[in-house]
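Descriptive structure summary
Each chain, letter by letter, is given below.
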Amino acid sequence: MTVEPSADGQGRQDKAADLLVIFGITGDLARKMTFRALYRLERTGLLDCPVIGVAGDDWTVEHLVEHAREAIADSGEDLDQRVFDSLARRLSYLHGDVTDAALYDRLAKAVGKGRRPLFYLEMPPALFAPIVERLAAADLLGNARVAVEKPFGHDLDSARDLNDRLRKVLREDQILRVDHFLGKEPVIELEYLRFANLAMAEVWDRKSVSAIHITMAESFGVEDRGSFYDAVGALRDVVQNHLLQVLALVAMEPPGGPGADDLRDKKAELFRSMAPADPRRYVRGQYQGYLDVPGVAADSATETFVALSLEIDNWRWAGVPVFLRAGKAMPETVTEVRLILHRTPRLAFLAAPRQVAANQIVLRIDKDPGLRLQLTGHAEKGVWRPVHLDTVFARELGRPQEPYERLLHAAIIGDHQLFAREDSVEETWRVVQPLLDSPPPVHSYERGSWGPREARSLLGGHPEWQDPWLPEQH
């Protein structure tokens, strides 16, 4: 039987968690991100609860503490011994098989009565539902929230199945679906840039915008993640989640209130207005050398690059094509959103009348987040050149929290705005499902290039792919 939301919407889940339980604390995500986030929250006074680590490794708590110290230092964080000692005192550890009921009996004793725990599942997605069902059987979910890392399923059917299993023992307001892109400062800033600034709001629609480009490029390859990546590919890894969530913030209508569901309602509305993607408007690529990566099948057709076209069928965006591209082994590591405006008419007042380049609005998400407005100016001898008005957010707004630092704190206090909701997850899978059902052939491309040449033909008749706006080199 599905559990329904409480009468007051968020109800007692608005209360901050008084215990954090991390499943998979000895894993790669914890080593790279979680310990650093915990340390930064400890340093700023935002971590105020015990932390129980759960994993299959037979470690002592002393081993876990030393592992945490090394992970934080390796992340590049300056380690203050006083802050780390305070964090270390919060840590305890349980080891065991997460499919074994006996582990949950011991966990129940460690949690105790009357707690409001946050269970953070840094585990393979196939274990999400089994772990939550074991937690329910041990009567540990009554006052709890559960955070799960993406991917949320591997297609539409599996996403629905996962949501069904979770909702049998949890309310939707108890579930936090973690997509670290939603914790990035420039992604959050999109809502403010669009709706708090008339200069932006007035050009942010089909009357002014001719095309939307979103690029997520990584200069590195799959490296040591061959076994994982070969079963996933670029479309599932970053497009269905990261880039479509960014697109929702780029294209949605303004939320009607400050609540988490006010925002998430507008995202879901945007996704519902999108037609399923057309496989004929989809290009897949694979960088040369991918087949030599350990863990990758010798005959793998998994894509490491994708480019696709999408449509938003609503009053604001009808007729404006959306082009997404994402890939590994690209020339640079950069993620950006680019709105290309319509071109002005010919400038008849010139001695040699001509049409100048279109204005562009560029939001750089990674690295060194910022905003660029590209105009056109008149140089000497009648030559028109681009003029860039650039703002770097860290310089203007100060250094923000890091994504996992922000998301972990939001999960602890019960702020749902930065987490994906069930309906949006299923809608994004609906949009990309035809590309999974009928994938086109994969094209080879050279490392250090912008993908296969076929990706350029995808934009026929529309503005070409632009060179990304890169951070200044110092």
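The paragraphs below set out a description of the structure included in this document. This is a predicted model, so every value here is computed, not measured.

Attention shifts here to empty space enclosed by the protein. Gaps between atoms show up when a probe of the same size as a water molecule is rolled over them. Scanning the entire structure with this criterion turns up six cavities of 30 Å³ or more. Considering only enclosed or pocket space, the largest cavity measures out at about 60 Å³ in volume. If you go around the largest cavity, the residues you meet are Met-216, Glu-218, Tyr-229, Ala-234, Asp-237, Val-238, Thr-304, Ala-326, Gly-327 and Lys-328. Elements that contribute at least two residues to the lining of the largest cavity include exactly helix 10 (233-251) and strand 10 (322-327). Counting residues per element, the lining of the largest cavity draws most heavily on helix 10, which supplies three residues. Split by residue class, the lining of the largest cavity holds five nonpolar, two polar and three charged.

Attention now moves to the environment of Pro-463. Residue placement: Pro-463 occurs in the segment after helix 15 (454-457). Taking relative accessible area as the criterion, Pro-463 reaches 22% and is therefore assigned partly exposed. Sequence separation between Pro-463 and Leu-107 is 356 residues; the distance between their C-alpha atoms is 57 Å.

This part covers the packing of helix 1 (residues 28-43) against helix 13 (residues 403-413). It is the contact of helix 1 with helix 13, at a shortest axis distance of 8 Å, that shows an interaxial angle of 70 degrees. What the angle tells us is that helix 1 and helix 13 run roughly perpendicular. Of the two elements, helix 1 crosses helix 13, and the hand of that crossing is right-handed. Contacts between helix 1 and helix 13 involve Leu-29, Met-33, Ala-37, Leu-38, Arg-40 and Leu-41 on the former and, on the latter, Tyr-404, Glu-405, Leu-408 and His-409.

One way to put it is that helix 6 (residues 156-167) packs onto helix 14 (residues 422-437) with a least axis distance of 9 Å and a crossing angle of 165 degrees. With respect to each other, helix 6 and helix 14 are oriented roughly antiparallel. As helix 6 runs across helix 14, the sense of the crossing is left-handed. Across the interface between the two elements, Leu-156, Ala-159, Arg-160, Asn-163 and Arg-167 of helix 6 pack against Glu-422, Val-425, Glu-426, Trp-429, Arg-430 and Gln-433 of helix 14. Looking at side-chain class alone, the contact of helix 6 with helix 14 contains four nonpolar, two polar and five charged residues.

The next point concerns the sheet that holds strand 5 (residues 145-149). Spatial strand order, 3-2-1-4-5-6: six strands in an open sheet with parallel pairing. The open sheet terminates on both sides in strands that have one partner only, identified here as strand 3 (91-95) and strand 6 (175-178). Taken pair by pair, the neighbouring strands of this sheet meet at an average axis angle of 20 degrees, ignoring direction. Two strands pair when backbone bridges link them, and strand 4 (residues 117-121) and strand 5 are joined in this way by four bridges, in the parallel orientation. Bridge pairing links Phe-119 to Val-146 in strand 5.

Scanning the model with the defined rule gives 33 salt bridges in all. Residue Glu-172 pairs with Arg-177 through a salt bridge whose shortest N-O separation is 2.7 Å. Arg-177 carries the same exposure label as Glu-172, and that label is buried. The partner of Arg-421 in a salt bridge is Asp-423, and the shortest N-O contact between them spans 2.9 Å. The class for Arg-421 is buried, based on a relative accessible area of 13%. For Asp-423, a relative accessible area of 27% gives the class partly exposed. What you see here is one network of salt bridges that share partners, running through Arg-36, Arg-40, Arg-43, Glu-77, Glu-402 and Glu-405.

What tends to happen in soluble globular proteins is that the nonpolar side chains get buried as a cluster. Grouped together as the largest cluster of nonpolar side chains are 105 residues, with contacts concentrated most on Phe-23, Leu-107, Phe-119 and Leu-310. In terms of residue count, the dominant contributor to this core is helix 10 (12 residues). Beyond its immediate sequence surroundings of up to four residues, Leu-107 is in contact with Val-21, Phe-23, Ile-52, Val-54, Leu-94, Phe-119, Leu-135 and Leu-140. In this structure, Cys-49, Trp-59, Phe-84 and Leu-176 belong to the second largest nonpolar core, which totals 39 residues.

Let's shift gears to the packing of aromatic side chains. This model, assessed by the stated rule, comprises eight aromatic pairs. Between Phe-23 and Tyr-104, the ring centres sit 6.3 Å apart and the planes meet at 25 degrees, which makes this aromatic pair stacked. Of this pair, Phe-23 sits in strand 1 (residues 19-23) while Tyr-104 is found in helix 4 (residues 101-111), placing the two residues 81 residues apart along the sequence. For the pair formed by Phe-23 and Tyr-104, the shared burial category is buried. On the numbers, 6.4 Å between centres and 70 degrees between planes, the contact of Tyr-229 with Tyr-290 is edge-to-face. With a gap of 61 residues between them, Tyr-229 in helix 9 (residues 226-230) and Tyr-290 in the loop between strand 8 (282-287) and strand 9 (305-310) connect regions that are remote in the sequence. When sorted by exposure, Tyr-229 lands in the same class as Tyr-290, which is buried.

In this fold, Glu-303 is placed in the loop between strand 8 and strand 9. Within the structure, the side chain of Glu-303 is placed 3.0 Å from the backbone nitrogen of Leu-235, a separation counted as a polar contact. At 3.0 Å, the side chain of Glu-303 and the side chain of Arg-284 are in polar contact. If sequence neighbours within four positions are ignored, Glu-303 has contacts with Tyr-229, Val-232, Gly-233, Ala-234, Leu-235, Tyr-282, Arg-284, Gly-285 and Val-442.

Bringing the environment of Leu-47 into the picture now. Position of Leu-47 relative to the elements: it lies in the loop between helix 1 and strand 2 (51-55). Along the sequence, Leu-47 and Leu-170 sit 123 residues apart, while their C-alpha atoms lie 25 Å from each other. Among residues more than four places away in sequence, those in contact with Leu-47 are Leu-38, Leu-41, Glu-42, Leu-87, Arg-90 and Ile-412.

Regarding helix 7 (residues 185-195), the residues found buried are Pro-186, Val-187, Glu-189, Leu-190, Leu-193 and Arg-194. What you see down the axis of helix 7 is that its buried residues fit within an arc of 150 degrees, all on one side. Where the residues of helix 7 are buried, they touch helix 8 (198-201), helix 10, strand 12 (360-366), strand 13 (370-378) and helix 12 (393-397).

Cut-off values and rules
- Residues numbered from 1 in each chain as written.
- Predicted model: local features only at pLDDT ≥ 70, side-chain atom pairs only at ≥ 80, totals over all residues.
- Heavy atoms only, no water.
- 1 Å grid on protein atoms, 1.4 Å probe; cavity = no way out; pocket = protein on both sides within 12 Å on 5 of 7 lines; lining within 4 Å.
- Points joined across faces, edges and corners; volume = space filled by probe spheres on them.
- Helix = DSSP H or I, 4+ residues; strand = E, 2+ residues; numbered from the N terminus.
- Nonpolar A, V, L, I, M, F, W, Y, C, P; charged D, E, K, R; others polar.
- Buried < 20%, exposed > 50% of the residue type's maximum accessible area, 1.4 Å probe, protein only.
- Axes fitted to C-alpha atoms, helices over the stretch in contact; angles between N-to-C directions.
- Parallel < 35°, antiparallel > 145°, perpendicular 65-115°, else oblique.
- Left-handed = near helix turned anticlockwise from the far one by under 90°.
- Contact = heavy atoms within 4.5 Å.
- Pairing = 2+ DSSP bridges.
- Salt bridge = Lys/Arg side-chain N within 4 Å of Asp/Glu carboxyl O.
- Core = buried A, V, L, I, M, F, W, Y, C linked by side-chain atoms within 4.5 Å.
- Phe/Tyr/Trp six-rings, centres within 6.5 Å; stacked < 30°, edge-to-face > 60°.
- Polar contact = N/O pair within 3.5 Å; in protein donor to acceptor, adjacent residues only side chain to side chain.
- Arc of directions from axis to C-beta.

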